[in-house]
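# Structural description and commentary
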Amino acid sequence: RELPVLRRRCHIAGKRLSGTGLATEGHVLRAVLYVYHSRLLRHRSYLAMQQVEQCLKRLWKMNLVGCIETLAELIPKQSTPQAHAECLVPSQPMLETVALKVLGGCKLILRLLDCCCKAFLLSVKHLCSKEFILLNTVASGLLSRLWFVIQYRCVLQSLMSLYDILSTTLHLVSETQQMPYIKGFTFSSDISNFLGVSVSSEVKRQKAKMLATKKPTSWLKKLFPKMPGAVSEVGKKRNFAMCRSAVKNRSIPCPADIGEPVL
């Protein structure tokens, strides 16, 4: 009964780990660090972003996705398992290896979230002091996106749920045939005890710190002043009328520039 659940959670965890969002944010982070390497080698925001990149590198070098996919391939695909029927199951060494990697991946993702939060706060702090405006603007947006990608794509939650079913399956397999592979380490039945923190409360604390950060809008408004209300309203009405007429008559193309004239 546990095998179909294990296979399904393996597919979910592998899909969320190998999603395009996490990989894209990692590539952009490396590109930003490469551009600013020679200029801001000792800058605090730059050093904090390097810690984030180091966590991402370690996460990819673990080959966690490949290990989870290998486990999913070893699970037999039986839609209607019969009672008292024999079937092949992954061995205890394989289950122990994947469980250990999942534990390490959860620990590393918690560290990654913490580094993202600290680097984001440093970037906003330097942005408020009008220091390295371009770098800190890009960094704050990038780090917040990376944090929210991990959180709202449920990467950590999917790994934790995978470990729960892995722990149950490992216990059943070890009872059937004792083949211990990893010695000197006890696999905890509750992953929260291993992580040492409540994941939900830790994530809420980081989110509250990021949202409560002083927003540097006072001097940004001076750099990018708003248009007068009358001019913006006239522009909106004119743009709407031009686009609506273009939709009615498709032979009349919408002009390339329908913005406001710069006085």
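Cut-offs applied
- Residues numbered from 1 in each chain as written.
- Predicted model: local features only at pLDDT ≥ 70, side-chain atom pairs only at ≥ 80, totals over all residues.
- Heavy atoms only, no water.
- Helix = DSSP H or I, 4+ residues; strand = E, 2+ residues; numbered from the N terminus.
- Buried < 20%, exposed > 50% of the residue type's maximum accessible area, 1.4 Å probe, protein only.
- Contact = heavy atoms within 4.5 Å.
- Areas by Shrake-Rupley, 256 points an atom, 1.4 Å probe, with all protein chains shown as cover.
- Polar contact = N/O pair within 3.5 Å; in protein donor to acceptor, adjacent residues only side chain to side chain.
- Core = buried A, V, L, I, M, F, W, Y, C linked by side-chain atoms within 4.5 Å.
- pLDDT = per-residue confidence, 0-100.
- Phe/Tyr/Trp six-rings, centres within 6.5 Å; stacked < 30°, edge-to-face > 60°.
- Salt bridge = Lys/Arg side-chain N within 4 Å of Asp/Glu carboxyl O.
- Expected span 1.5 Å × (residues − 1).
- Arc of directions from axis to C-beta.
- Axes fitted to C-alpha atoms, helices over the stretch in contact; angles between N-to-C directions.
- Parallel < 35°, antiparallel > 145°, perpendicular 65-115°, else oblique.
- Left-handed = near helix turned anticlockwise from the far one by under 90°.
- Nonpolar A, V, L, I, M, F, W, Y, C, P; charged D, E, K, R; others polar.

### Description of the overall build of the protein chain
For the protein chain, the helix and strand inventory stands at 11 helices and zero strands. Per-residue burial over the protein chain gives 40% buried out of 263 residues. For the protein chain, the proportion of contacts with a sequence separation of at least 24, taken over those separated by at least 6, is 83%. Here the protein chain displays about 16,400 Å² of accessible surface, and carbon together with sulfur accounts for 59% of that area.

### Remarks on the side chain of Thr169
Along the chain, Thr169 falls in helix H7 (residues 155-176). A distance of 2.8 Å separates the side chain of Thr169 from the backbone oxygen of Ile165, its partner in a polar contact. Discounting residues that sit within four places of it in the chain, Thr169 has contacts with Glu2, Leu6 and Leu95.

### Focus on the nonpolar core
Core analysis: the biggest nonpolar cluster contains 70 residues, and Val52, Val102, Leu159, Leu162 and Leu166 have the highest contact counts within it. Ranked by residues supplied to this core, first place goes to helix H5 (residues 92-128) with 19 residues. Those residues in contact with Leu159 that lie beyond four places of it in its chain are Ala13, Leu17, Leu64, Ile68, Val102, Gly105, Cys106 and Ile109.

### Remarks on the confidence of the model for the protein chain
Here the protein chain shows a mean pLDDT of 76. Residues at 70 or above account for 77%. Note that pLDDT drops below 50 for residues 246-259; the model gives that stretch eight contacts with residues more than four away or on any other chain.

### A few points about the packing of aromatic side chains
In this structure the tally under the stated criterion is one aromatic pair. The interplanar angle of 80° and the centroid separation of 5.0 Å between the aromatic rings of Trp147 and Phe148 together place this pair among those described as edge-to-face. For Trp147, a relative accessible area of 0% puts it in the buried group. A residue is classified by how much of its surface remains accessible, and Phe148, at 30% relative accessible area, is partly exposed.

### Comments concerning the side chain of Glu53
With respect to the helices, strands and loops of the structure, Glu53 is situated in helix H3 (residues 44-61). Residues in contact with Glu53, not counting those within four places in the same chain, are Leu29, Arg30 and Leu33.

### Digging into the environment of Tyr36
Position of Tyr36 among the secondary structure elements: in the loop between helix H2 (20-35) and H3. Residue classification places Tyr36 among the buried positions, given a relative accessible area of 13%. Here the alpha-carbon distance between Tyr36 and Leu135, two residues 99 residues apart in the chain, equals 8.0 Å. Excluding residues within four positions of it along the chain, Tyr36 makes contact with Tyr46, Leu134 and Leu135.

### Concerning the pattern of salt bridges
This model, assessed by the stated rule, comprises four salt bridges. Residue Glu25 pairs with Arg145 through a salt bridge whose shortest N-O separation is 2.6 Å. Of this pair, Glu25 sits in helix H2 while Arg145 sits in helix H6 (residues 133-152), placing them 120 residues apart in sequence. The class for Glu25 is buried, based on a relative accessible area of 4%.

### Regarding the environment of Cys55
With respect to the helices, strands and loops of the structure, Cys55 is situated in helix H3. With relative accessibility at 6%, the residue Cys55 sits in the buried group. Separated by 58 residues in the primary sequence, Cys55 and Leu113 place their C-alpha atoms 9.4 Å from one another. Filtering out sequence-adjacent residues up to four positions away, Cys55 remains in contact with Leu108, Arg111, Leu112 and Cys115.

### Regarding H2
When the terminal C-alpha atoms of H2 are compared, their 23 Å separation across 16 residues agrees well with the 22 Å that a helix rising 1.5 Å per residue should span. Listing the buried residues of H2 in full gives Gly21, Leu22, Glu25, Gly26, Leu29, Val32 and Leu33. When H2 is viewed along its axis, its buried side chains cluster within an angular range of 130° and face the same direction. Within H2, the exposed residues directed more than 90 degrees away from the buried face are Thr20, His27 and Tyr34.

### Structural notes on the packing of helix H1 (residues 2-17) against helix H4 (residues 64-74)
The contact between H1 and H4 brings their axes to 9 Å, and the two run at 155°. On the basis of the axis angle, H1 is roughly antiparallel to H4. Where H1 crosses over H4, the two elements pack in a sense that is left-handed. Contacts between H1 and H4 involve Arg7, Cys10, His11, Ala13, Gly14 and Leu17 from the former and Leu64, Val65, Ile68, Leu71 and Ala72 from the latter. A per-class count over the contact of H1 with H4 returns eight nonpolar, two polar and one charged.

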